[in-house]
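Chain by chain, the residues:
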Amino acid sequence: MDEQKRTYYIDVGSGEISRSATASTWSFKIEATDVEIGQLRALMEQNYSTEWKNFFRAHVPYVQYHYDRQNDEYDSTIQQIYGMLYQLGDEEAKNHIESMNILPQEQ
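Quantities reported herein were computed from a predicted structural model and do not represent experimental measurements.

Caption draft 1: Quick peek at the packing of aromatic side chains. Counted according to the given criterion, the structure contains two aromatic pairs. For the pair Phe28 and Tyr82, a centre-to-centre distance of 5.9 Å together with 80° between the ring planes defines the contact as edge-to-face. Pair noted here: Phe28 is in strand E3 (residues 28-32) and Tyr82 is in helix H2 (residues 69-88), with a separation of 54 residues, a long-range link. Relative accessible area serves as the criterion here: at 3%, Phe28 is assigned to the buried category. When the ring centre of Tyr8 is taken as reference, the NZ or CZ atom of Arg19 above it lies at 5.5 Å. Residue placement shows Lys94 over the ring face of Tyr86; its charged tip is 5.3 Å from the ring centre.

And the structure:
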């Protein structure tokens with residue numbers, strides 16, 4: 001049995017997922033099941049936690065960005081978030097994400 005998909009409005013910067021288009025600003029419109037939204041929400045929460053780790057790490061001047069595993073973790077999670085948004089998004093969302101060139105290229 002397929003779960004019913006509902007429309008959601010997503011703002012990646014704030015990590016907000018809303019069912020209302022007018023409640024706040026949003027960047028992407030997607031159609032997702034409850035399970036898919038749960039997965040997306042978990043990725044957003046993981047990203048938020050990583051941002052805090054990065055904030056504290058930023059005060060350690062001798063660790064360069066490209067040698068920092070928290071930044072690698074953040075980059076990986078943000079790619080997963082945009083991958084889900086691309087998969088679930090409307091045509092406008094897909095076009096925007098493609099223009100960002102953030103997703104890995106398929107071989």
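Moving on from the model shown.
Caption draft 2: Geometry of the side chain of Asp11. By secondary structure assignment, the location of Asp11 is in strand E1 (residues 6-11). For the buried residue Asp11, which engages in no salt bridge, the nearest side chain bearing the opposite charge is Arg41, 12 Å off. In this view, Asp11 contacts Glu16, Thr25, Trp26, Ser27 and Met44; residues no more than four positions away in its chain are not counted.

Caption draft 3: View of the nonpolar core. Counting residues in each nonpolar core, the largest one holds 19 residues, and the members touching the most others are Ile10, Val12, Phe28, Ile30, Leu40, Ile81 and Leu85. Elements represented by at least two residues in this core include exactly E1, E3, helix H1 (34-57), H2 and helix H3 (91-100). Residue contributions to this core peak at six residues, all from H2.

Caption draft 4: Structural context of the environment of Gln87. Inspection of the secondary structure puts Gln87 in helix H2. Residue class for Gln87 comes out exposed when judged on its relative accessible area of 60%.

Procedures and definitions
- Numbers given to residues run from 1 along each chain, matching the order in which its sequence is written.
- Where totals are concerned, whole chains, interfaces and linings use all residues; where local detail is concerned, this predicted model gives features only for residues with pLDDT of at least 70, and gives and counts side-chain atom pairs only at 80 or more.
- For the side-chain quantities, the full set of heavy atoms in the structure was used; hydrogens and water were omitted.
- Whether two aromatic rings pair depends on their centres lying within 6.5 Å, for rings of Phe, Tyr and Trp, where Trp uses its six-membered ring; planes under 30 degrees apart make the pair stacked, over 60 edge-to-face, and the rest tilted.
- Numbered from the N terminus, helices here are DSSP runs of H or I no shorter than four residues, and strands are runs of E no shorter than two.
- Each residue is assigned to one of three classes by its accessible area relative to the maximum for its type, calculated with a 1.4 Å probe on protein chains only: buried under 20%, partly exposed between the two thresholds, exposed over 50%.
- Ring-over charges, as used throughout, are those where CZ of Arg or NZ of Lys falls within 6 Å of the ring centre and within 35 degrees of the ring normal.
- Charge counting treats Lys and Arg as positive and Asp and Glu as negative, with His and both chain ends excluded.
- Criterion for a salt bridge: a side-chain nitrogen of Lys or Arg within 4 Å of a carboxyl oxygen of Asp or Glu.
- What makes two residues a contact is simply this: any of their non-hydrogen atoms within 4.5 Å.
- What we call a nonpolar core is a set of buried Ala, Val, Leu, Ile, Met, Phe, Trp, Tyr and Cys residues that are connected through their side-chain atoms within 4.5 Å.

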